[in-house]
Amino acid sequence: MKVVAVENFADPSFSADLIGWQKVHGRHALPWQNTTDAYLIWLSEIMLQQTQVSAVLGYYARFLERFPTLRDLAAAPVEDVMAQWSGLGYYTRARNLHKCAQRVVAEYDGVFPADPVLLAELPGIGRSTAAAIAAFSSGRRAAIMDGNVKRVFARVFGIDTYPGEKKTEDAMWRRAEALLPETGIESYTQGLMDMGATLCTRSSPSCERCPMQPRCVAFATQRTKDLPVRKPKKATPEKHTVMLAIVDNGQVLLEQRPPTGIWGGLLSLPELAGHVAAEDDEVADADHGALAQAVGRFGELESYDRLSTVTHVFTHYKLHIAPYQVTLARRQAMAAEAGYVWCDAAKLAEAALPAPVKKLLLDLVGDRREPQQRMF
Ligand code: SF4
């Protein structure tokens, strides 16, 4: 029988402690506080997305001077809205702000709905912003969850998985819902915001003044620096290829690469299709038959040697090149082989080759330029 763990996130003492602290130590004089006007609250919540209070204050005042009501904003040309927003950044917020004002005028006769679910359907208002607007304007019980709240939760409850991961984020939302107080949602919501902004800050939390200290797992285990868990770094993908360095009579066979893609438009060595081991560091050795077949287009295979693997690091992946030095018994005329060229070994240093391929070839055939021409 499958056993399902039962979550019990409810804890009325959490909200009681937070509300008690907020009433005494929280912020009470911000320009968008002490009002239930949803327009004033909504505007502040949108401006405060990704922007600090100190940066918002001046913009908020100027914006309201220009657009004192929701109807003024809805009726204004979008260019005027953008001009007032100019300098605040994240301009999609301004475009959505304007669209949202027009929707509220058209669909709700200029009055924001009280239901957070309806609010969240409006442009630029996500679940958390909808909850904050509903809590402050209508006293509706709804949970917020932004970066600050995630940080506080991760530390207080010792959540040691990355909050950006869906499973962790979903659990945080369930916890946030379970912790909502029966009364005092305004102080509670403001308390979470105040704690995240003024006490439980990213780099130097003021644990000595924090109302959550007695229950805070990060404080008790000295992990305030480690929580919340940072985004895990993705392992660099590894790719593998087999390259053929076909050397004949002091010349090397080069292939013109397509104009786009890696090393677009450069010359390089022919690659052995179908011999790319993508999963581990080990490059599968090309088997004799495949190699003879690939070389067959250019001449009769005499012998080949597996050279040391060359690893080249690109921005997004590592490329492991397994090079084979190939000697021909007889060269084939290449009239039908467009895109290939025999290059004198002495000219390799000046050829338009990718750096790792050039190095590989110069190591192989020796740098045959005159000493005064050499740059390396
Ligand atoms: S005790 Fe420190 S780490 Fe824990 S919630 Fe308070 S400020 Fe954050």
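Residues numbered from 1 in each chain as written. Predicted model: local features only at pLDDT ≥ 70, side-chain atom pairs only at ≥ 80, totals over all residues. Heavy atoms only, no water.

Engineer: Explain the overall build of the chain to me, please; I cannot follow it from the model alone.
Structural biologist: Looking only at helices and strands, one finds 14 helices and seven strands in the chain. Radius of gyration (C-alpha) of the chain: 32 Å, far over the 21 Å computed for a compact globule of 376 residues. Seen through its C-alpha atoms, the chain measures out along the principal axes to roughly 90 × 55 × 50 Å. Burial status across the chain gives 44% buried among its 376 residues. (Helix = DSSP H or I, 4+ residues; strand = E, 2+ residues; numbered from the N terminus. Rg over C-alpha atoms; globule rule 2.2 N^0.38 Å. Buried < 20%, exposed > 50% of the residue type's maximum accessible area, 1.4 Å probe, protein only.)

Engineer: Explain the site of the ligand here, please?
Structural biologist: Taken together, Arg-155, Val-156, Met-195, Cys-200, Pro-205, Cys-207, Cys-210, Gln-213, Cys-216, Phe-219 and Thr-224 make up all the residues around the ligand. Split into classes, the residues belonging to the shell around the ligand amount to eight nonpolar, two polar and one charged. (Near = heavy atom within 4 Å. Nonpolar A, V, L, I, M, F, W, Y, C, P; charged D, E, K, R; others polar.)

Engineer: What is the right way to read the domain arrangement of the chain from this model?
Structural biologist: How big an interface is tends to be stated in terms of the accessible area lost upon association of its parts. Once the domains are mapped, the chain shows domain 1 (12-220) and domain 2 (238-373). Here the C-alpha centroids of domain 1 and domain 2 sit 58 Å apart. (Domains from an automatic or database assignment.)

Engineer: What is the right way to look at the pairing of strand β1 (residues 238-248) in this model?
Structural biologist: Along any regular strand the residues' side chains alternate between the sheet's two faces. In terms of residue burial, β1 counts as a mostly covered element, since nine of its 11 residues are buried. Strand direction decides the pairing type here: β1 and strand β6 (residues 318-331), joined by 10 bridges, are parallel. Across the sheet, residue Lys-239 finds its bridge partner in β6, namely Leu-319. (Pairing = 2+ DSSP bridges.)

Engineer: Whenever I open this one, the pattern of salt bridges confuses me. Can you help?
Structural biologist: Where charged atoms from two side chains of opposite charge come close, those side chains can pair. Under the criterion given, the structure shown has 15 salt bridges. Of the charged contacts, one joins Glu-7 and Arg-174 as a salt bridge, the two residues approaching to 2.7 Å between their closest N and O atoms. Taken together, the positions of Glu-7 in the segment before α1 (12-25) and Arg-174 in helix α10 (residues 166-178) put the pair 167 residues apart, joining distant regions of the chain. For Arg-174, a relative accessible area of 41% corresponds to the partly exposed category. Each of Asp-11, Asp-17 and Arg-215 takes part in a single network of salt bridges with overlapping partners. (Salt bridge = Lys/Arg side-chain N within 4 Å of Asp/Glu carboxyl O.)

Engineer: Is there a simple way to explain the UniProt feature "domain: HhH-GPD" (unreviewed entry) in the chain in this structure?
Structural biologist: In this numbering, the UniProt entry assigns the feature "domain: HhH-GPD" (unreviewed entry) to residues 47-198. Taken end to end, residues 47-198 comprises 66% helix and 0% strand; its first and last C-alpha atoms sit 18 Å apart. (UniProt positions renumbered as here; feature names shortened; annotations may be inferred.)

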